Amino acid sequence: AVRTSPDLFSDALLDHLSTLASTGPRTCFAVLHTIAATSAPRAPRTLERYHALVDVYPGPALVEAYYLAQNEPHLLTPLLLERLTGHMGVRPYDGYGILQATLRHRPELIAERHVDRALAALPAAANAAFTFFDALVRTRAEFAPRCVLALFECVLSEPGHRAFNR
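In this text the structure is predicted, and so the values were computed from the model without any measurement.

S.K.: What is the right way to look at the packing of helix α5 (residues 78-85) against helix α7 (residues 112-121) in this model?
M.R.: Each pair of packed helices can be summarised by the angle the axes make with each other and by the distance between the axes. Relative orientation of the contacting elements α5 and α7 amounts to 20 degrees, with a least axis distance of 10 Å. In this view, α5 runs roughly parallel relative to α7, as classed from their interaxial angle. Note that α5 runs across α7; the crossing there is left-handed. Contacts between α5 and α7 involve Leu 81, Glu 82 and Thr 85 from the former and Arg 113, His 114 and Arg 117 from the latter. The class makeup of the residues in the contact of α5 with α7 is one nonpolar, two polar and three charged.

S.K.: How do you make sense of the packing of aromatic side chains when you look at a structure like this?
M.R.: The geometry of an aromatic ring pair is captured by two quantities: the separation of the ring centres and the angle between the planes. On inspection of all chains with the given rule, the structure shows four aromatic pairs. An aromatic cluster of three or more residues is present, and its members are Tyr 96, Phe 132 and Phe 133.

S.K.: Just checking my understanding: could you explain the nonpolar core for this structure?
M.R.: Generally speaking, nonpolar side chains in soluble globular proteins are found buried as a group. Grouped together as the largest cluster of nonpolar side chains are 50 residues, with contacts concentrated most on Tyr 50, Leu 84, Tyr 96, Ile 110, Phe 132, Phe 133 and Leu 136. Other than its neighbours up to four places away in sequence, Phe 132 contacts Tyr 96, Leu 99, Gln 100, Leu 103, Ile 110 and Ala 118.

S.K.: I keep staring at the side chain of Thr 46 and nothing clicks. Help me out?
M.R.: Following the sequence through the fold, Thr 46 ends up in helix α3 (residues 43-54). For Thr 46, a relative accessible area of 1% corresponds to the buried category. In contact with Thr 46, other than residues within four places in its own chain, are Leu 14, Leu 32, Ile 35 and Ala 36.

S.K.: What's the story with the packing of helix α2 (residues 25-38) against α3 in this structure? I'm lost.
M.R.: Across the interface, α2 lies against α3 with an axial gap of 8 Å and an inter-helix angle of 155 degrees. What the angle tells us is that α2 and α3 run roughly antiparallel. Every pair of crossing elements has a handedness; the one defined by α2 and α3 is left-handed. Seen from α2, the contacting residues are Cys 28, Phe 29, Leu 32, His 33, Ile 35 and Ala 36; seen from α3, they are Ala 43, Thr 46, Leu 47, Arg 49, Tyr 50, Leu 53 and Val 54. Residues that form the contact of α2 with α3 fall into these classes: 10 nonpolar, two polar and one charged.

What counts and how
Residues numbered from 1 in each chain as written. Predicted model: local features only at pLDDT ≥ 70, side-chain atom pairs only at ≥ 80, totals over all residues. Heavy atoms only, no water. Axes fitted to C-alpha atoms, helices over the stretch in contact; angles between N-to-C directions. Helix = DSSP H or I, 4+ residues; strand = E, 2+ residues; numbered from the N terminus. Parallel < 35°, antiparallel > 145°, perpendicular 65-115°, else oblique. Left-handed = near helix turned anticlockwise from the far one by under 90°. Contact = heavy atoms within 4.5 Å. Nonpolar A, V, L, I, M, F, W, Y, C, P; charged D, E, K, R; others polar. Phe/Tyr/Trp six-rings, centres within 6.5 Å; stacked < 30°, edge-to-face > 60°. Core = buried A, V, L, I, M, F, W, Y, C linked by side-chain atoms within 4.5 Å. Buried < 20%, exposed > 50% of the residue type's maximum accessible area, 1.4 Å probe, protein only.

This is the structure:
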């Protein structure tokens, strides 16, 4: 319904939906994402709701935010990226996916603190970290020293039977 008639989702209904997010947080994030993407005047308030739920449901937020970062990168904000990367430990592969999409579409949003969080999540997803740090070093030269060290750490973290691929 939200894709075909987003106007049916009033602010009161979105408030109610946010209180019911525990029954389907990913669906709630998808609804908020769709409304923010299709209605520019409603986007700021809708994204505030989205931000508020990220800390409560970080796993589903990371899954859904990948699609936001990939398909509607103009909706990415420094605050949203800050909140999402703060929970990379919950779903590191999704976190790296968000960072990769951000790097591809909005590289100016990546800051030192995001690189720090990506480094902290490296042991849990070394192959995804490798892809991110490889792209980061090519895109943002100011991060080169840290990226090179991270790439070596990625190779060292990979199991022996896969490390040769790097």
